Amino acid sequence: MKTIFNQIKGDKGIWAIVAILAICSFMPVYSASTNLVYVIGKGSTFGYLLKHIMLLMMGFAIIYGIHKIPYRYFSAGSVLILPIVILLLIYTLSQGTTIGGSNASRWIQIPLVGIGFQTSTLAGLVLMVYVARYLAKNKEKEIILKESILQLWLPIALVLVLILPANFSTTAIIFVMILMLCFVGGYPIKHLGIILGIGIISLVVFVLIAKAFPDAMPNRVQTWQSRIENFSDENGKDAYQVEKAKIAIATGGLFGVGPGKSVQKYFLPQSTSDFIFAIIAEEYGFIGGVFILCVYFLLFFRIFVVIRKTRTIFGALLVVGAGIPIIFQAFINMAVATSLFPVTGQTLPLISSGGTSIWMTCFAIGMILSVSASKEATEEDILDDNPLDILHETV
(Lines give C-alpha, C1' and ligand atoms only; values in the text may rest on other atoms or scores of the structure.)
Protein backbone atom coordinates (compact mmCIF):
# COMPACT_ATOMS: atom_id res chain seq x y z
CA MET A 1 0.00 0.00 0.00
CA LYS A 2 2.86 2.37 0.86
CA THR A 3 4.43 1.65 -2.56
CA ILE A 4 1.20 2.70 -4.30
CA PHE A 5 1.02 5.97 -2.38
CA ASN A 6 4.69 6.62 -3.13
CA GLN A 7 3.86 6.47 -6.84
CA ILE A 8 1.21 9.17 -6.45
CA LYS A 9 2.68 12.63 -6.89
CA GLY A 10 1.25 16.12 -6.80
CA ASP A 11 -1.29 17.76 -4.52
CA LYS A 12 -2.67 15.09 -2.16
CA GLY A 13 -5.69 17.27 -1.41
CA ILE A 14 -6.80 17.15 -5.05
CA TRP A 15 -6.32 13.37 -5.12
CA ALA A 16 -8.54 13.08 -2.03
CA ILE A 17 -11.23 15.40 -3.43
CA VAL A 18 -11.41 13.47 -6.70
CA ALA A 19 -11.76 10.21 -4.74
CA ILE A 20 -14.52 11.71 -2.57
CA LEU A 21 -16.49 12.92 -5.61
CA ALA A 22 -16.13 9.52 -7.28
CA ILE A 23 -17.32 7.65 -4.18
CA CYS A 24 -20.21 10.11 -3.72
CA SER A 25 -21.36 9.37 -7.27
CA PHE A 26 -21.99 5.63 -6.77
CA MET A 27 -25.35 5.70 -4.98
CA PRO A 28 -26.89 8.63 -6.93
CA VAL A 29 -26.00 7.01 -10.28
CA TYR A 30 -27.26 3.62 -9.08
CA SER A 31 -30.51 5.15 -7.87
CA ALA A 32 -31.10 7.56 -10.76
CA SER A 33 -30.46 4.86 -13.39
CA THR A 34 -33.86 3.44 -12.42
CA ASN A 35 -35.26 6.00 -14.87
CA LEU A 36 -33.29 4.43 -17.71
CA VAL A 37 -34.23 0.89 -16.72
CA TYR A 38 -37.97 1.20 -16.11
CA VAL A 39 -38.93 4.21 -18.21
CA ILE A 40 -36.76 3.64 -21.29
CA GLY A 41 -36.47 -0.11 -20.76
CA LYS A 42 -32.70 -0.50 -21.04
CA GLY A 43 -30.33 -2.62 -18.96
CA SER A 44 -30.32 -2.87 -15.15
CA THR A 45 -29.48 -0.49 -12.34
CA PHE A 46 -26.53 -2.66 -11.31
CA GLY A 47 -25.34 -2.71 -14.93
CA TYR A 48 -25.37 1.09 -15.11
CA LEU A 49 -23.53 1.32 -11.78
CA LEU A 50 -20.92 -1.19 -12.94
CA LYS A 51 -20.40 0.77 -16.17
CA HIS A 52 -20.04 3.99 -14.17
CA ILE A 53 -17.48 2.39 -11.86
CA MET A 54 -15.51 1.09 -14.84
CA LEU A 55 -15.50 4.56 -16.42
CA LEU A 56 -14.26 6.06 -13.15
CA MET A 57 -11.53 3.41 -12.88
CA MET A 58 -10.42 4.28 -16.40
CA GLY A 59 -10.58 7.94 -15.37
CA PHE A 60 -8.26 7.34 -12.41
CA ALA A 61 -5.90 5.49 -14.75
CA ILE A 62 -5.93 8.58 -16.98
CA ILE A 63 -5.16 10.83 -14.00
CA TYR A 64 -2.30 8.59 -12.94
CA GLY A 65 -0.82 8.39 -16.45
CA ILE A 66 -1.16 12.10 -17.21
CA HIS A 67 0.19 13.29 -13.86
CA LYS A 68 3.39 11.31 -14.53
CA ILE A 69 4.05 13.32 -17.72
CA PRO A 70 6.18 16.46 -17.24
CA TYR A 71 3.81 19.32 -17.91
CA ARG A 72 6.18 20.95 -20.39
CA TYR A 73 4.98 18.32 -22.88
CA PHE A 74 1.45 19.75 -22.76
CA SER A 75 2.64 23.09 -24.14
CA ALA A 76 4.03 21.80 -27.42
CA GLY A 77 1.54 18.93 -27.42
CA SER A 78 -1.37 21.36 -27.73
CA VAL A 79 0.08 22.64 -31.02
CA LEU A 80 0.28 19.09 -32.37
CA ILE A 81 -3.14 17.96 -31.14
CA LEU A 82 -5.11 21.05 -32.22
CA PRO A 83 -5.19 20.07 -35.97
CA ILE A 84 -6.31 16.57 -34.98
CA VAL A 85 -9.09 18.06 -32.85
CA ILE A 86 -10.24 20.20 -35.79
CA LEU A 87 -10.40 17.11 -38.03
CA LEU A 88 -12.37 15.24 -35.35
CA LEU A 89 -14.83 18.13 -35.06
CA ILE A 90 -15.32 18.19 -38.83
CA TYR A 91 -15.91 14.44 -38.81
CA THR A 92 -18.33 14.73 -35.88
CA LEU A 93 -20.26 17.54 -37.52
CA SER A 94 -20.50 15.66 -40.80
CA GLN A 95 -21.78 12.35 -39.49
CA GLY A 96 -22.81 12.57 -35.82
CA THR A 97 -24.93 9.77 -34.41
CA THR A 98 -28.13 9.09 -32.54
CA ILE A 99 -27.99 8.27 -28.85
CA GLY A 100 -31.01 7.19 -26.90
CA GLY A 101 -33.28 7.91 -29.85
CA SER A 102 -32.40 11.60 -29.98
CA ASN A 103 -30.21 13.61 -32.30
CA ALA A 104 -26.66 13.80 -30.99
CA SER A 105 -24.57 15.39 -33.70
CA ARG A 106 -21.99 16.36 -31.08
CA TRP A 107 -20.94 12.71 -30.59
CA ILE A 108 -18.90 10.09 -32.37
CA GLN A 109 -18.91 6.41 -31.54
CA ILE A 110 -15.65 4.86 -30.34
CA PRO A 111 -15.05 1.67 -32.39
CA LEU A 112 -15.21 -1.69 -30.52
CA VAL A 113 -15.90 -0.03 -27.15
CA GLY A 114 -19.41 1.16 -28.06
CA ILE A 115 -19.10 4.38 -26.04
CA GLY A 116 -20.04 7.79 -27.41
CA PHE A 117 -17.30 10.43 -27.36
CA GLN A 118 -18.09 14.15 -27.26
CA THR A 119 -15.32 15.78 -29.27
CA SER A 120 -16.20 19.31 -28.14
CA THR A 121 -15.10 18.45 -24.58
CA LEU A 122 -11.65 17.43 -25.82
CA ALA A 123 -11.52 20.53 -28.03
CA GLY A 124 -12.21 22.82 -25.06
CA LEU A 125 -9.40 21.32 -23.01
CA VAL A 126 -6.88 21.48 -25.87
CA LEU A 127 -7.82 25.11 -26.56
CA MET A 128 -7.19 26.05 -22.93
CA VAL A 129 -3.67 24.60 -23.08
CA TYR A 130 -3.04 26.29 -26.43
CA VAL A 131 -4.15 29.67 -25.05
CA ALA A 132 -2.03 29.20 -21.91
CA ARG A 133 1.00 28.53 -24.12
CA TYR A 134 0.41 31.65 -26.22
CA LEU A 135 -0.08 33.91 -23.19
CA ALA A 136 3.03 32.56 -21.45
CA LYS A 137 5.18 32.98 -24.58
CA ASN A 138 4.04 36.59 -24.97
CA LYS A 139 3.97 37.58 -21.30
CA GLU A 140 6.92 39.96 -21.62
CA LYS A 141 5.95 41.26 -25.06
CA GLU A 142 3.50 43.90 -26.20
CA ILE A 143 0.60 42.01 -27.73
CA ILE A 144 -0.47 43.39 -31.10
CA LEU A 145 -4.09 42.66 -31.94
CA LYS A 146 -3.46 41.86 -35.62
CA GLU A 147 -0.74 39.35 -34.77
CA SER A 148 -2.76 37.74 -31.99
CA ILE A 149 -5.76 37.32 -34.29
CA LEU A 150 -3.67 35.17 -36.64
CA GLN A 151 -1.77 33.26 -33.99
CA LEU A 152 -4.40 32.94 -31.26
CA TRP A 153 -7.94 33.85 -32.24
CA LEU A 154 -8.10 32.28 -35.71
CA PRO A 155 -7.53 28.72 -34.39
CA ILE A 156 -9.94 29.41 -31.54
CA ALA A 157 -12.59 30.75 -33.93
CA LEU A 158 -12.23 27.72 -36.20
CA VAL A 159 -12.78 25.30 -33.33
CA LEU A 160 -15.73 27.24 -31.90
CA VAL A 161 -17.40 27.53 -35.31
CA LEU A 162 -17.21 23.75 -35.66
CA ILE A 163 -18.72 23.20 -32.19
CA LEU A 164 -21.43 25.88 -32.44
CA PRO A 165 -23.95 24.21 -34.80
CA ALA A 166 -24.38 21.19 -32.52
CA ASN A 167 -23.67 22.63 -29.07
CA PHE A 168 -24.26 26.30 -28.35
CA SER A 169 -23.92 26.05 -24.57
CA THR A 170 -20.51 24.36 -24.75
CA THR A 171 -19.35 26.92 -27.32
CA ALA A 172 -20.42 29.79 -25.06
CA ILE A 173 -18.77 28.25 -21.98
CA ILE A 174 -15.48 27.62 -23.80
CA PHE A 175 -15.49 31.18 -25.17
CA VAL A 176 -16.15 32.67 -21.72
CA MET A 177 -13.43 30.51 -20.16
CA ILE A 178 -10.94 31.56 -22.86
CA LEU A 179 -11.73 35.23 -22.21
CA MET A 180 -11.26 34.61 -18.48
CA LEU A 181 -7.92 32.89 -19.07
CA CYS A 182 -6.77 35.71 -21.35
CA PHE A 183 -7.72 38.28 -18.72
CA VAL A 184 -5.80 36.40 -16.03
CA GLY A 185 -2.87 35.99 -18.42
CA GLY A 186 -2.53 39.71 -19.01
CA TYR A 187 -4.06 39.99 -22.47
CA PRO A 188 -4.98 43.68 -23.03
CA ILE A 189 -8.52 44.39 -21.84
CA LYS A 190 -9.25 46.71 -24.77
CA HIS A 191 -8.38 43.88 -27.16
CA LEU A 192 -10.61 41.49 -25.20
CA GLY A 193 -13.48 43.96 -25.64
CA ILE A 194 -12.96 43.92 -29.40
CA ILE A 195 -12.83 40.11 -29.46
CA LEU A 196 -16.01 39.92 -27.38
CA GLY A 197 -17.75 42.29 -29.79
CA ILE A 198 -16.60 40.24 -32.78
CA GLY A 199 -17.86 37.08 -31.07
CA ILE A 200 -21.31 38.55 -30.42
CA ILE A 201 -21.60 39.88 -33.98
CA SER A 202 -20.49 36.51 -35.37
CA LEU A 203 -23.14 34.74 -33.31
CA VAL A 204 -25.85 37.10 -34.55
CA VAL A 205 -24.75 36.57 -38.17
CA PHE A 206 -24.73 32.79 -37.62
CA VAL A 207 -28.27 32.86 -36.20
CA LEU A 208 -29.54 34.99 -39.10
CA ILE A 209 -27.97 32.65 -41.65
CA ALA A 210 -29.38 29.60 -39.86
CA LYS A 211 -32.84 31.13 -39.86
CA ALA A 212 -32.52 32.07 -43.54
CA PHE A 213 -31.43 28.53 -44.48
CA PRO A 214 -33.15 26.24 -41.94
CA ASP A 215 -32.50 23.07 -43.94
CA ALA A 216 -28.74 23.49 -43.46
CA MET A 217 -28.98 23.14 -39.66
CA PRO A 218 -32.46 21.87 -38.84
CA ASN A 219 -33.83 22.70 -35.40
CA ARG A 220 -30.56 23.99 -33.89
CA VAL A 221 -31.38 27.70 -33.57
CA GLN A 222 -34.96 26.79 -32.68
CA THR A 223 -33.61 24.60 -29.88
CA TRP A 224 -31.50 27.45 -28.44
CA GLN A 225 -34.40 29.86 -28.74
CA SER A 226 -36.87 27.48 -27.11
CA ARG A 227 -34.51 26.79 -24.20
CA ILE A 228 -34.20 30.47 -23.45
CA GLU A 229 -37.95 30.99 -23.80
CA ASN A 230 -38.77 27.91 -21.72
CA PHE A 231 -36.61 29.22 -18.89
CA SER A 232 -39.34 31.77 -18.18
CA ASP A 233 -42.28 29.78 -19.56
CA GLU A 234 -43.98 27.58 -16.97
CA ASN A 235 -45.48 25.38 -19.68
CA GLY A 236 -42.30 24.85 -21.72
CA LYS A 237 -40.66 21.47 -22.33
CA ASP A 238 -37.51 22.33 -20.38
CA ALA A 239 -39.68 23.79 -17.64
CA TYR A 240 -41.01 20.25 -17.04
CA GLN A 241 -37.49 19.01 -16.23
CA VAL A 242 -36.74 22.00 -14.02
CA GLU A 243 -40.10 21.64 -12.26
CA LYS A 244 -39.40 17.98 -11.45
CA ALA A 245 -35.92 18.94 -10.24
CA LYS A 246 -37.41 21.61 -7.96
CA ILE A 247 -39.92 19.09 -6.59
CA ALA A 248 -37.06 16.67 -5.90
CA ILE A 249 -35.05 19.32 -4.07
CA ALA A 250 -38.09 20.47 -2.05
CA THR A 251 -39.01 16.89 -1.17
CA GLY A 252 -35.52 16.24 0.15
CA GLY A 253 -35.86 18.80 2.92
CA LEU A 254 -32.96 19.01 5.35
CA PHE A 255 -31.84 15.38 5.56
CA GLY A 256 -33.41 13.80 2.46
CA VAL A 257 -35.74 10.84 1.93
CA GLY A 258 -32.87 8.35 2.08
CA PRO A 259 -30.53 6.61 -0.38
CA GLY A 260 -32.39 5.04 -3.31
CA LYS A 261 -35.78 6.40 -2.21
CA SER A 262 -36.11 9.22 -4.74
CA VAL A 263 -39.51 9.44 -6.42
CA GLN A 264 -38.70 12.08 -9.02
CA LYS A 265 -36.05 9.86 -10.63
CA TYR A 266 -38.95 8.04 -12.31
CA PHE A 267 -40.14 11.25 -13.97
CA LEU A 268 -37.00 13.36 -14.39
CA PRO A 269 -35.26 13.00 -17.77
CA GLN A 270 -31.44 12.95 -17.68
CA SER A 271 -31.58 12.02 -14.00
CA THR A 272 -28.17 10.31 -14.15
CA SER A 273 -26.42 13.20 -15.87
CA ASP A 274 -27.76 16.75 -16.26
CA PHE A 275 -30.10 16.61 -13.23
CA ILE A 276 -28.29 14.23 -10.91
CA PHE A 277 -27.83 17.05 -8.36
CA ALA A 278 -31.61 17.14 -7.92
CA ILE A 279 -31.60 13.42 -7.11
CA ILE A 280 -28.78 13.96 -4.60
CA ALA A 281 -30.75 16.77 -2.96
CA GLU A 282 -33.90 14.62 -2.80
CA GLU A 283 -32.21 11.56 -1.31
CA TYR A 284 -29.64 13.27 0.92
CA GLY A 285 -31.38 16.58 1.55
CA PHE A 286 -30.02 20.07 1.94
CA ILE A 287 -27.10 18.63 3.91
CA GLY A 288 -26.09 16.37 1.02
CA GLY A 289 -26.40 19.14 -1.55
CA VAL A 290 -24.33 21.57 0.52
CA PHE A 291 -21.72 18.86 1.10
CA ILE A 292 -21.26 18.38 -2.67
CA LEU A 293 -21.10 22.16 -3.13
CA CYS A 294 -18.44 22.43 -0.41
CA VAL A 295 -16.35 19.68 -2.02
CA TYR A 296 -16.24 21.68 -5.27
CA PHE A 297 -15.34 24.82 -3.31
CA LEU A 298 -12.54 22.83 -1.68
CA LEU A 299 -11.31 21.75 -5.11
CA PHE A 300 -11.42 25.41 -6.16
CA PHE A 301 -9.27 26.29 -3.15
CA ARG A 302 -6.73 23.53 -3.83
CA ILE A 303 -6.45 24.68 -7.45
CA PHE A 304 -5.43 28.12 -6.24
CA VAL A 305 -2.93 26.55 -3.83
CA VAL A 306 -1.31 24.83 -6.80
CA ILE A 307 -1.31 28.11 -8.77
CA ARG A 308 0.44 29.96 -5.93
CA LYS A 309 3.13 27.28 -5.65
CA THR A 310 3.77 27.02 -9.40
CA ARG A 311 7.07 28.56 -10.50
CA THR A 312 6.27 29.15 -14.18
CA ILE A 313 3.72 31.36 -15.88
CA PHE A 314 2.68 28.57 -18.23
CA GLY A 315 2.17 26.20 -15.31
CA ALA A 316 -0.04 28.68 -13.49
CA LEU A 317 -2.08 29.45 -16.62
CA LEU A 318 -2.37 25.74 -17.40
CA VAL A 319 -3.85 25.09 -13.95
CA VAL A 320 -6.29 27.99 -14.39
CA GLY A 321 -7.31 26.82 -17.87
CA ALA A 322 -7.73 23.17 -16.86
CA GLY A 323 -9.17 23.64 -13.36
CA ILE A 324 -11.55 26.60 -13.40
CA PRO A 325 -13.78 25.15 -16.19
CA ILE A 326 -14.41 22.10 -13.96
CA ILE A 327 -15.67 24.32 -11.14
CA PHE A 328 -17.61 26.51 -13.58
CA GLN A 329 -19.31 23.47 -15.11
CA ALA A 330 -20.25 22.13 -11.67
CA PHE A 331 -21.85 25.41 -10.64
CA ILE A 332 -23.76 25.64 -13.94
CA ASN A 333 -25.10 22.11 -13.46
CA MET A 334 -26.28 22.90 -9.92
CA ALA A 335 -27.71 26.25 -11.07
CA VAL A 336 -29.76 24.51 -13.76
CA ALA A 337 -31.12 21.99 -11.25
CA THR A 338 -32.15 24.79 -8.90
CA SER A 339 -33.74 26.84 -11.71
CA LEU A 340 -31.15 29.62 -11.56
CA PHE A 341 -29.95 29.03 -15.12
CA PRO A 342 -31.49 27.77 -18.39
CA VAL A 343 -31.01 24.12 -19.30
CA THR A 344 -27.56 23.70 -20.87
CA GLY A 345 -26.85 19.97 -20.91
CA GLN A 346 -23.73 20.29 -18.71
CA THR A 347 -22.95 17.33 -16.45
CA LEU A 348 -21.79 17.41 -12.82
CA PRO A 349 -18.05 16.64 -13.04
CA LEU A 350 -16.99 13.23 -11.68
CA ILE A 351 -20.50 12.55 -10.36
CA SER A 352 -22.76 12.38 -13.42
CA SER A 353 -22.60 9.29 -15.59
CA GLY A 354 -20.95 9.61 -18.99
CA GLY A 355 -17.58 8.53 -20.33
CA THR A 356 -16.46 11.67 -22.14
CA SER A 357 -17.20 14.02 -19.24
CA ILE A 358 -15.43 11.78 -16.73
CA TRP A 359 -12.39 11.14 -18.93
CA MET A 360 -11.84 14.76 -19.95
CA THR A 361 -12.25 15.93 -16.35
CA CYS A 362 -9.70 13.32 -15.29
CA PHE A 363 -7.37 14.44 -18.07
CA ALA A 364 -7.59 18.02 -16.78
CA ILE A 365 -7.05 16.86 -13.18
CA GLY A 366 -4.02 14.88 -14.34
CA MET A 367 -2.48 18.00 -15.90
CA ILE A 368 -3.07 20.00 -12.70
CA LEU A 369 -1.39 17.26 -10.66
CA SER A 370 1.49 17.17 -13.14
CA VAL A 371 2.06 20.89 -12.52
CA SER A 372 1.82 20.48 -8.74
CA ALA A 373 4.29 17.56 -8.84
CA SER A 374 6.89 19.43 -10.90
CA LYS A 375 9.78 21.02 -9.01
CA GLU A 376 12.39 21.69 -11.67
CA ALA A 377 10.66 23.04 -14.78
CA THR A 378 11.59 26.53 -15.94
CA GLU A 379 9.81 28.86 -18.35
CA GLU A 380 12.59 28.44 -20.89
CA ASP A 381 12.40 24.64 -20.81
CA ILE A 382 8.67 24.74 -21.43
CA LEU A 383 8.23 27.46 -24.01
CA ASP A 384 11.34 26.72 -26.06
CA ASP A 385 10.15 23.18 -26.75
CA ASN A 386 9.63 22.56 -30.45
CA PRO A 387 6.44 20.57 -31.05
CA LEU A 388 8.28 18.36 -33.56
CA ASP A 389 10.98 17.62 -30.97
CA ILE A 390 8.28 16.63 -28.48
CA LEU A 391 6.73 14.34 -31.13
CA HIS A 392 10.15 12.78 -31.77
CA GLU A 393 10.72 12.19 -28.05
CA THR A 394 7.28 10.64 -27.68
CA VAL A 395 7.75 8.28 -30.62
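Look above for the structure.
Reading guide: rules and limits
- Residues numbered from 1 in each chain as written.
- Predicted model: local features only at pLDDT ≥ 70, side-chain atom pairs only at ≥ 80, totals over all residues.
- Heavy atoms only, no water.
- Helix = DSSP H or I, 4+ residues; strand = E, 2+ residues; numbered from the N terminus.
- Buried < 20%, exposed > 50% of the residue type's maximum accessible area, 1.4 Å probe, protein only.
- Polar contact = N/O pair within 3.5 Å; in protein donor to acceptor, adjacent residues only side chain to side chain.
- Expected span 1.5 Å × (residues − 1).
- Core = buried A, V, L, I, M, F, W, Y, C linked by side-chain atoms within 4.5 Å.
- Contact = heavy atoms within 4.5 Å.
- Salt bridge = Lys/Arg side-chain N within 4 Å of Asp/Glu carboxyl O.
- Patch = residues over 30% accessible without salt bridge, like charges linked within 9 Å, V, L, I, M, F, W, Y side chains within 5 Å.
- Areas by Shrake-Rupley, 256 points an atom, 1.4 Å probe, with all protein chains shown as cover.
- 1 Å grid on protein atoms, 1.4 Å probe; cavity = no way out; pocket = protein on both sides within 12 Å on 5 of 7 lines; lining within 4 Å.
- Points joined across faces, edges and corners; volume = space filled by probe spheres on them.
- Nonpolar A, V, L, I, M, F, W, Y, C, P; charged D, E, K, R; others polar.

A.B. asks: Kindly report on the side chain of T92, identifying the contributing residues and their values.
C.D. replies: With respect to the helices, strands and loops of the structure, T92 is situated in helix α5 (residues 72-95). The class of T92 is buried, set by a relative accessible area of 2%. Engagement of the side chain of T92 in a polar contact is seen with the backbone oxygen of L88, the distance being 2.7 Å.

A.B. asks: Before we move on, can you summarise helix α14 (residues 355-373) with the specific residues and values?
C.D. replies: The first and last C-alpha atoms of α14 sit 26 Å apart over 19 residues, in line with the 27 Å expected at 1.5 Å per residue. Burial analysis of α14 places 17 of its 19 residues in the buried class, which makes it a mostly covered element.

A.B. asks: Explain unusual backbone geometry to me, and be specific about the residues and the numbers.
C.D. replies: Within the chain, S339 stands out as a residue other than glycine whose phi angle is a positive 65 degrees. Within the secondary structure layout, S339 lies in the loop between α13 (313-337) and α14. Within the chain, L350 stands out as a residue other than glycine whose phi angle is a positive 70 degrees. Counting through the fold element by element, L350 comes out in the loop between α13 and α14. On the accessibility criterion, L350 (3% relative accessible area) is buried.

A.B. asks: Hey, could you go over the nonpolar core for me, with residue numbers and the actual values?
C.D. replies: Among the nonpolar cores identified, the biggest contains 99 residues, and L152, W153, I178, C182, Y187 and L348 are the most heavily contacted of them. Broken down by element, this core gets its largest block of residues, 15 residues, from α13. Those residues in contact with Y187 that sit more than four places away from it in its chain are L135, I143, L145, S148, L152, W153, C182 and L192.

A.B. asks: Mind laying out the pattern of salt bridges, listing which residues take part and the relevant values?
C.D. replies: Inspection of every chain in the model, using the stated rule, returns one salt bridge. One salt bridge in this structure joins R302 and D11, with 2.5 Å as the shortest N-O distance. With R302 in helix α12 (residues 276-309) and D11 in the loop between α1 (2-7) and α2 (12-32), the pair connects residues that are 291 residues apart, well separated along the chain. Of the residues examined, D11 reaches a relative accessible area of 8% and is grouped as buried.

A.B. asks: How would you sum up a nonpolar patch on the surface? Please name residues and give values.
C.D. replies: Taken together, M27, Y30, F46, L50, M54 and M57 make up a surface patch of nonpolar side chains, about 590 Å² in accessible area. Contributions of two or more residues to the nonpolar patch are made by α2 and α4 (45-67). At four residues, α4 tops the list of elements feeding residues into the nonpolar patch. Positionally, M57 belongs in helix α4. Relative accessible area serves as the criterion here: at 53%, M57 is assigned to the exposed category.

A.B. asks: Give me the lowdown on the layout of surface pockets, citing residues and values where you can.
C.D. replies: Here the second largest pocket is characterised by a volume of approximately 590 Å³. As for the second largest pocket, its lining consists of 22 residues, and the residues nearest its centre are L160, F175, I198, G199 and S202. Mapped onto the lining of the second largest pocket, the elements with two or more residues apiece are α7 (145-163), α8 (168-184) and α9 (189-212). Examining the composition of the lining of the second largest pocket, we find that eight residues originate from one element, α9, more than from any other. Split into classes, the residues belonging to the lining of the second largest pocket amount to 19 nonpolar, three polar and no charged.

From the geometry alone we can't say anything about function, so treat these as descriptive.
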